Amino acid sequence: MRRLSSLILAATALTLTAPSAFAADAERNDRLYDASGASVGKVNRVTENGDLLVIYKGKVRVIAASTLSNDDGKLMTSLTKMEIRRLD
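Residues numbered from 1 in each chain as written. Predicted model: local features only at pLDDT ≥ 70, side-chain atom pairs only at ≥ 80, totals over all residues. Heavy atoms only, no water.

Caption draft 1: A look at the sheet that holds strand S5 (residues 68-71). Spatially, S4-S3-S2-S1-S6-S5 is the arrangement adopted by the 6 strands of the open sheet, whose pairing is mixed. For this open sheet the edge positions go to strand S4 (59-63) and S5, each flanked by a neighbour on one side alone. Across the sheet, the mean angle separating the axes of adjacent strands is 45° when strand polarity is ignored. Note that strand S1 (residues 31-33) and strand S6 (residues 74-77) share 2 bridges and pair parallel. Paired with Leu-32 across the two strands is Leu-75, which belongs to S6. (Pairing = 2+ DSSP bridges. Helix = DSSP H or I, 4+ residues; strand = E, 2+ residues; numbered from the N terminus. Axes fitted to C-alpha atoms, helices over the stretch in contact; angles between N-to-C directions.)

Caption draft 2: The pairing of strand S3 (residues 52-56), seen in detail. Most of S3 is tucked away: 4 of the 5 residues are buried. Here 3 bridges tie strand S2 (residues 39-46) to S3, and the two strands are oriented antiparallel to one another. Counterpart to Arg-45 in the pairing with S3 is Leu-53. Counting the residues in the hairpin turn of S2 and S3 gives 5 residues, including Gly-50, whose phi is positive at 95°. Bridge analysis of S3 against S4 gives 5 bridges, and the strand direction is antiparallel. (Buried < 20%, exposed > 50% of the residue type's maximum accessible area, 1.4 Å probe, protein only.)

Caption draft 3: Up close: the side chain of Thr-67. Tracing the sequence through the fold places Thr-67 in the loop between S4 and S5. Taking relative accessible area as the criterion, Thr-67 reaches 14% and is therefore assigned buried. The residues contacting Thr-67, other than those within four sequence positions of it, are Met-76, Thr-77, Ser-78 and Leu-79. (Contact = heavy atoms within 4.5 Å.)

Caption draft 4: Representation of unusual backbone geometry within the structure. For Lys-57, which is not glycine, the phi torsion reads 55° and is therefore positive. Within the secondary structure layout, Lys-57 lies in the loop between S3 and S4. The phi torsion at Asp-72 lies on the positive side, around 50°, for a residue other than glycine. Inspection of the secondary structure puts Asp-72 in the loop between S5 and S6.

Dropping the structure here:
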């Protein structure tokens, strides 16, 4: 029982500390999709903390790692295009 508890605790700690972008396996030139599945653009850069830099509507937008996921091989953000447009 102690061993199982230790494994669960270790797995939980690893999950909580791993940046979402690394879990999503984001790389430069990957296509990013918004919450509805529409294409936003290509990833220009992945920062050290896992955030993405994407050029959208002529401006560089920072997409937070916490919004990223990998859905059947597609790099997705939970943000909508309207929310992305409002980002600095």
